[in-house]
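What follows is each chain in one-letter form.
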Amino acid sequence: MIYTIAGLFGIALGAWRAKKSGGNLADMAQFAAAHGIAFLLAGFVITLIVHRLAL
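Reading guide: rules and limits
Residues numbered from 1 in each chain as written. Predicted model: local features only at pLDDT ≥ 70, side-chain atom pairs only at ≥ 80, totals over all residues. Heavy atoms only, no water. Phe/Tyr/Trp six-rings, centres within 6.5 Å; stacked < 30°, edge-to-face > 60°. Helix = DSSP H or I, 4+ residues; strand = E, 2+ residues; numbered from the N terminus. Buried < 20%, exposed > 50% of the residue type's maximum accessible area, 1.4 Å probe, protein only. Axes fitted to C-alpha atoms, helices over the stretch in contact; angles between N-to-C directions. Parallel < 35°, antiparallel > 145°, perpendicular 65-115°, else oblique. Left-handed = near helix turned anticlockwise from the far one by under 90°. Nonpolar A, V, L, I, M, F, W, Y, C, P; charged D, E, K, R; others polar. Contact = heavy atoms within 4.5 Å.

## Some words on the packing of aromatic side chains
To describe a pair of aromatic rings, you give the distance between the ring centres and the angle between the ring planes.
Turning to step 1, where the next piece is worked out: A full pass over the atoms with the stated rule returns two aromatic pairs.
Turning to step 2, where the next piece is worked out: Judged by centre distance (6.2 Å) and plane angle (80°), the rings of Tyr 3 and Phe 44 are edge-to-face. Highlighted residues: Tyr 3 in helix α1 (residues 2–20) and Phe 44 in helix α2 (residues 25–54), separated in sequence by 41 residues.
Turning to step 3, where the next piece is worked out: When its relative accessible area of 35% is taken as the criterion, Tyr 3 is described as partly exposed.
Turning to step 4, where the next piece is worked out: Note on Phe 44: relative accessible area 42%, which makes it partly exposed.

Here you go:
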């Protein structure tokens, strides 16, 4: 669940950063995809760590 929220947050952050820097729709999509993947992977690693420490 953490990785889903982190991925969605990354997508929103990436689109916002691209729009803030004056990017067009393609820039927004690329930034959103890159940030979404990065945040999703970070959330997945955090989820694995939390589950390992809980056992």
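## Observations concerning the packing of α1 against α2
Turning to step 1, where the next piece is worked out: Remark: α1 packs on α2, axes separated minimally by 6 Å, with the N-to-C direction vectors making an angle of 150°. By the angle between their axes, α1 is roughly antiparallel relative to α2. Considering only the axes of α1 and α2, their crossing is right-handed.
Turning to step 2, where the next piece is worked out: Of the residues in the contact of α1 with α2, the class split is 14 nonpolar, seven polar and three charged.

## Examining the side chain of Thr 47
Turning to step 1, where the next piece is worked out: As for its position among the elements, Thr 47 is in helix α2.
Turning to step 2, where the next piece is worked out: Excluding anything up to four places from it in sequence, Thr 47 contacts Ile 2 and Tyr 3.

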